[in-house]
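Next come the chains, spelled out residue by residue.
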Amino acid sequence: MTAVIGKAQSLRDAYGHALLELGEKDPLLVAMDADLSGSTRTILFGQKFPDRFFDVGVMEPTMMSIAAGLALQGRTVYASTFAVFAAGQAYNFVRQSICYNRANVKIVATHGGLLVGADGGTHQIVEDIGLMRGLPGMTVIVPADAPTTRAATFAVAERDGPAYVRLTRENLPTVTDGSFQIGKAAELRSGSDLTIVAVGALVARALEVAEELAKVGVSTRVLDFASVKPFDEPALLRAARETGALLVLEEHSVLTGVGALVASTTSENYPVPVRRVGVPDVFGESGEPWALLDRFGMSKERIRNEAWELLRLRGKVQ
Amino acid sequence: MPESTPAELIRSLESTAREIRQEVIRMTYAAQSGHPGGSLSVTDLVTALVFHELKIDPARIDWPDRDRLVLSKGHASPALYAALALRGFLPREELASFRQLGSRLQGHVDRTKLPCIEASTGCLGQGIGMAVGMALDARLRGAPYRTYAILGDGECQAGPTWEALMAGGHYRLSNLVAILDRNGLETDGSTESIMGIEPIAEKFRAFRYHTVEIDGHDFSQILGALAEARRTTEGPTAIIARTVKGKGVSFMEGKYQYHGKPPNKAEAEQALAELARGSEARP
Ligand SMILES: Cc1ncc(C[n+]2csc(CCOP(=O)(O)OP(=O)(O)O)c2C)c(N)n1
Ligand SMILES: [Mg+2]
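Everything quoted here is computed from the prediction, not taken from an experiment.

Observations regarding helix 10 (residues 233-243) of chain A
All names here are of chain A.
Argument step 1. Of the positions making up helix 10, those classed as buried are Ala235, Leu236, Leu237, Ala239, Ala240 and Thr243.
Argument step 2. Of the surrounding elements, those touching the buried residues of helix 10 are strand 10 (194-198), strand 11 (220-224), strand 13 (246-253) and helix 11 (258-269).
Argument step 3. Residue Asp232 occupies the N-cap position of helix 10, its side-chain oxygen lying 3.1 Å from the main-chain nitrogen of Ala235.
Argument step 4. Gly244, located one to two residues past helix 10, shows a positive phi value of around 75 degrees.

This is the structure in structure tokens:
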């Protein structure tokens, strides 16, 4: 199977429209925002259902506790803001009010990672996947494109309990058919020499590099790991067994993200060489979004080099 | 600052503020991002501080006794960068690098890149706490420096803002001045329609601040309030400055839509023309 890379679309718009549809289906559903409803697109819900929309202003921690209070009365609540405020500013409120209480709150956080761009390092959270996947009971989804965003917005509603969906500010090329399922990795490309496990904005880069490698005879499997928690352990270990080397791509700190998850899971169960491409142990900075990915170690060249390094380690090339 | 009559001083501050506003437009236009509305509302307050009130010296940025300014609403960085450039802390040409890769002029003020910035901010609600810490340090050391923090009114919805303000009042930090840019607007609309903060002066008073309400675009009132703060020895002062978001650019004034939206080419040209006309009108 070879995935096609479709035109770039807004994940945030996909979320906004999906939330609107959910609001039509579920009259108890409430949506919340913290003064960023234009950017997160919850404004679409707010305009249609003003009575069930609470834009509480600049108070992210309390947005989470209010959301939990609403959810504990039997409602599904969607709460949105930028990732740095949802996972960062509000962390202990997410932890206690939402997760410890097992409240049915779906946090859909936009502006994750470096692709925030010009706003700079204060706003570019690259620690949120680690923070959120460390919370007991939290579902964590990192969509790579608009169709997965739409599917994930619906899927987290179906699953009782807290969820964190991390979206990217930039439009991203469509790489899936939207058949996302919680707990399942999507094999976007089959291959036997090497597996690239990728999330979010880097899934398209994974596919591009896999295509280039194919031209020189290297067969690369690509797994879209959108469901970070729960994650598809069988698919991961199958990839380890069948391809013998794993390259992980994430627009997130390599210390605590998907690379760390993949490395620890394989080393406990089926050790194979793992390379992590992501943000090193530094804060980001202002700049053109895609230029930042190159600057902070996620260029296609770097990804290619790491792939060759893994192939050499496995003795598949000289 | 050279000695000047109050009228001369005010004329000079007004003309500096107009230059700063033009730089705000140029910077946000060139970057095609950034926050023009809250930069233009705060320009006169920043101008009064950087060009008159603060004891600071571009030749000695690490002077221990310099006054400290913390821009708690760090997204208004263009106004502060432009003021610091005009005051000699950085080359004016550097303003063109705002928000570009590798620039010292980050989207939100960053002390690790630009040393004349006292505290990095951007996520709201934290600058005022750092200002309290600085004011406590001055007291512990017996140092003469004073600390000024500039807050947004949307920022006053954030709990940490009030925690920090409570600490400033509790410790009776008479060397601390909290200045509120009360422009009435945040990202999504007006503060009072989203999450009302009124009666805001009463809140500051209840938190033990000597509270002064002024027109934040009237330099004689701004200077008067700052002087009053200096004379206040019982505890901290809060200056509630009523301002207009987008001040000085007709189509941005009072419009929340220009909170985080840069001008396009035609808008930038019109804005610069309006601001230039403003300077001719008052020679
Ligand atoms: C904790 C936090 N939440 C959200 C934001 C995003 N944000 C940036 S500016 C802003 C509105 C701030 O309004 P106000 O304080 O009134 O600023 P001003 O009108 O002076 O520009 C928001 C929500 C932020 N920077 N920090
Ligand atoms: Mg405001």
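Topic: the coordination of the magnesium ion (ligand 2)
Residue and element names in this part refer to chain B.
Argument step 1. Around the magnesium ion (ligand 2), the donor atoms from the protein are Asp153 (OD), Asn183 (OD1) and Leu185 (O), and they sit 2.1 to 2.2 Å away.
Argument step 2. Linear spacing of the donor residues for the magnesium ion (ligand 2) on their chain is D-x29-N-x1-L.
Argument step 3. By relative accessible area, which is 13% here, Leu185 ends up buried.

Some details on the pairing of strand 13 of chain A
Side-chain positions along a regular strand alternate between the two faces of the sheet.
Residue and element names in this part refer to chain A.
Argument step 1. Counting buried residues in strand 13 gives eight out of eight residues, a clear majority hidden from the surface.
Argument step 2. Relative to strand 13, strand 10 is paired through four bridges, and the arrangement is parallel. Following the sheet pairing, Ala198 is matched in strand 13 by Leu249.
Argument step 3. Bridge analysis of strand 13 against strand 14 (residues 274-279) gives five bridges, and the strand direction is parallel.

So, the site of ligand 1
Argument step 1. As a matter of local geometry, ligand 1 sits amid 23 residues, with Glu60 of chain A together with Lys73, His75, Asp153 and Lys245 of chain B nearest to it.
Argument step 2. With respect to ligand 1, the side chain of His75 of chain B contributes an N or O atom lying 2.7 Å from an oxygen atom.
Argument step 3. One of the side-chain nitrogen or oxygen atoms of Asn183 of chain B is found 2.9 Å away from an oxygen atom of ligand 1.
Argument step 4. Against a free-state accessible area of 590 Å², the protein chains account for coverage of 99% of ligand 1.
Argument step 5. Residues belonging to the shell around ligand 1 are distributed by class as follows: five nonpolar, 10 polar and eight charged.

Concerning the sheet that holds strand 4 (residues 210-215) of chain B
Residues and elements named next belong to chain B.
Argument step 1. Strand order in the open sheet made by the five strands is 1-2-3-5-4, with parallel pairing throughout. Every other strand in the sheet has two partners, leaving strand 1 (68-71) and strand 4 as the edge strands with one partner each. Geometrically, the sheet is characterised by an average inter-axis angle of 20 degrees between neighbouring strands, direction not taken into account.
Argument step 2. The strands touched by helix 2 (residues 36-53) within the sheet are strand 1, strand 2 (147-152), strand 3 (176-182) and strand 5 (237-242), with strand 3 carrying the most contacts at an inclination of about 150 degrees.
Argument step 3. Its contacts with the sheet place helix 4 (residues 127-141) against strand 1, strand 2 and strand 3, and it is angled at close to 170 degrees to strand 2.

Re the packing of aromatic side chains
Argument step 1. Tallying each qualifying case throughout the model produces nine aromatic pairs over all chains.
Argument step 2. Judged by centre distance (6.0 Å) and plane angle (20 degrees), the ring pair of Phe82 of chain A and Phe85 of chain A falls under stacked. An identical accessibility class is assigned to Phe82 of chain A and Phe85 of chain A; each is buried.
Argument step 3. Site record: aromatic cluster; members linked through ring pairs are Trp162, Phe204, Phe207 and Tyr209 of chain B.
Argument step 4. Residue placement shows Arg60 of chain B over the ring face of Trp63 of chain B; its charged tip is 4.5 Å from the ring centre.

Digging into the domain arrangement of chain A
Residue and element names in this part refer to chain A.
Argument step 1. Taken domain by domain, chain A consists of domain 1 (8-173) and domain 2 (186-313).
Argument step 2. Once you take the C-alpha centre of each, domain 1 and domain 2 turn out to be 26 Å apart.
Argument step 3. Residue-level contacts link 34 residues of domain 1 with 31 residues of domain 2.
Argument step 4. Approximately 2400 Å² of surface area, both sides summed, lies buried where domain 1 meets domain 2, with 61% of it carried by carbon and sulfur atoms.

What to know about the interface of chain A and chain B
Argument step 1. Listed by partner, the interface residues are 24 residues for chain A and 24 residues for chain B.
Argument step 2. The junction of chain A with chain B conceals about 1800 Å² of combined surface from both sides, 52% of it contributed by carbon and sulfur atoms.
Argument step 3. The largest per-residue losses of area from chain A upon contact with chain B belong to Asp35, Val58 and Ser286 of chain A, which jointly make up 29% of the total buried on that side.
Argument step 4. At the junction of chain A and chain B, the tally comes to one salt bridge.
Argument step 5. Of all the secondary structure elements, the ones that give two or more residues to the side of chain A that touches chain B are helix 2 (37-40), helix 5 (83-89) and helix 12 (289-298) of chain A.

A closer look at the packing of helix 2 of chain B against helix 8 (residues 219-231) of chain B
Residue and element names in this part refer to chain B.
Argument step 1. Look at helix 2 against helix 8: their axes get within 10 Å of each other, and the N-to-C directions meet at 60 degrees. By the angle between their axes, helix 2 is oblique relative to helix 8. The two elements helix 2 and helix 8 cross, and the hand of that crossing is right-handed. From helix 2, Asp44, Leu45, Thr47, Ala48, Leu49, His52 and Glu53 reach across to helix 8, where they touch Phe219, Ile222, Leu223, Leu226 and Arg230.
Argument step 2. Here the contact of helix 2 with helix 8 is built from residues that sort into seven nonpolar, two polar and three charged.

Examining the pattern of salt bridges
Argument step 1. Taken as a whole, this structure holds 34 salt bridges over all chains when the rule is applied.
Argument step 2. Between Arg141 of chain B and Asp137 of chain B there is a salt bridge whose closest N-O contact spans 2.9 Å. Of this pair, Arg141 of chain B and Asp137 of chain B both sit in helix 4, four residues apart, which is roughly one turn of that helix.
Argument step 3. Residues participating in the shared-partner salt-bridge network are Glu208, Glu212, Lys300 and Arg304 of chain A.

Considering the layout of surface pockets
Argument step 1. Taken as a whole, the second largest pocket encloses approximately 470 Å³ of empty space.
Argument step 2. Around the second largest pocket, the lining is made up of 25 residues, and of these Gly121, Thr122 and Phe283 of chain A together with Ser120 and Cys123 of chain B lie nearest the centre.
Argument step 3. The leading source of residues in the lining of the second largest pocket is helix 5 of chain A, at four residues.
Argument step 4. Its residues placed into classes, the lining of the second largest pocket shows six nonpolar, 15 polar and four charged.

Side note on the confidence of the model for chain B
Argument step 1. Summing up the model confidence of chain B, the mean pLDDT is 96 and the portion of residues at 70 or higher is 97%.
Argument step 2. Both confidence scores are given for the complex: pTM 0.97, ipTM 0.96.

With respect to unusual backbone geometry
Argument step 1. Residue Pro230 of chain A is reached from Lys229 of chain A by a cis peptide bond, and omega for that bond is -5 degrees.
Argument step 2. Note that Pro230 of chain A resides in the loop between strand 12 (227-229) and helix 10.
Argument step 3. In this structure, the amide linkage connecting Glu198 of chain B to the following residue, Pro199 of chain B, adopts the cis form with an omega of 0 degrees.
Argument step 4. Structurally, Pro199 of chain B can be placed in the loop between helix 6 (191-195) and helix 7 (200-206).
Argument step 5. Although it is not a glycine, Arg102 of chain A sits at a positive phi angle of roughly 50 degrees.
Argument step 6. With respect to the helices, strands and loops of the structure, Arg102 of chain A is situated in the loop between helix 6 (91-100) and strand 5 (105-110).
Argument step 7. In this structure, Arg208 of chain B is a non-glycine residue whose phi angle is positive, near 75 degrees.
Argument step 8. Residue placement: Arg208 of chain B occurs in the loop between helix 7 and strand 4.

Basis of the calculations
Residues numbered from 1 in each chain as written. Chains lettered and ligands numbered in written order. Predicted model: local features only at pLDDT ≥ 70, side-chain atom pairs only at ≥ 80, totals over all residues. Heavy atoms only, no water. Buried < 20%, exposed > 50% of the residue type's maximum accessible area, 1.4 Å probe, protein only. Helix = DSSP H or I, 4+ residues; strand = E, 2+ residues; numbered from the N terminus. Contact = heavy atoms within 4.5 Å. Polar contact = N/O pair within 3.5 Å; in protein donor to acceptor, adjacent residues only side chain to side chain. Donors = N, O, S within 2.8 Å, 3.2 Å for Na, K, Ca; no water. Pairing = 2+ DSSP bridges. Near = heavy atom within 4 Å. Areas by Shrake-Rupley, 256 points an atom, 1.4 Å probe, with all protein chains shown as cover. Nonpolar A, V, L, I, M, F, W, Y, C, P; charged D, E, K, R; others polar. Axes fitted to C-alpha atoms, helices over the stretch in contact; angles between N-to-C directions. Phe/Tyr/Trp six-rings, centres within 6.5 Å; stacked < 30°, edge-to-face > 60°. Lys NZ or Arg CZ within 6 Å of the ring centre and 35° of its normal. Domains from an automatic or database assignment. Buried area = accessible area lost by both parts, 1.4 Å probe. Salt bridge = Lys/Arg side-chain N within 4 Å of Asp/Glu carboxyl O. Parallel < 35°, antiparallel > 145°, perpendicular 65-115°, else oblique. Left-handed = near helix turned anticlockwise from the far one by under 90°. 1 Å grid on protein atoms, 1.4 Å probe; cavity = no way out; pocket = protein on both sides within 12 Å on 5 of 7 lines; lining within 4 Å. Points joined across faces, edges and corners; volume = space filled by probe spheres on them. pLDDT = per-residue confidence, 0-100.

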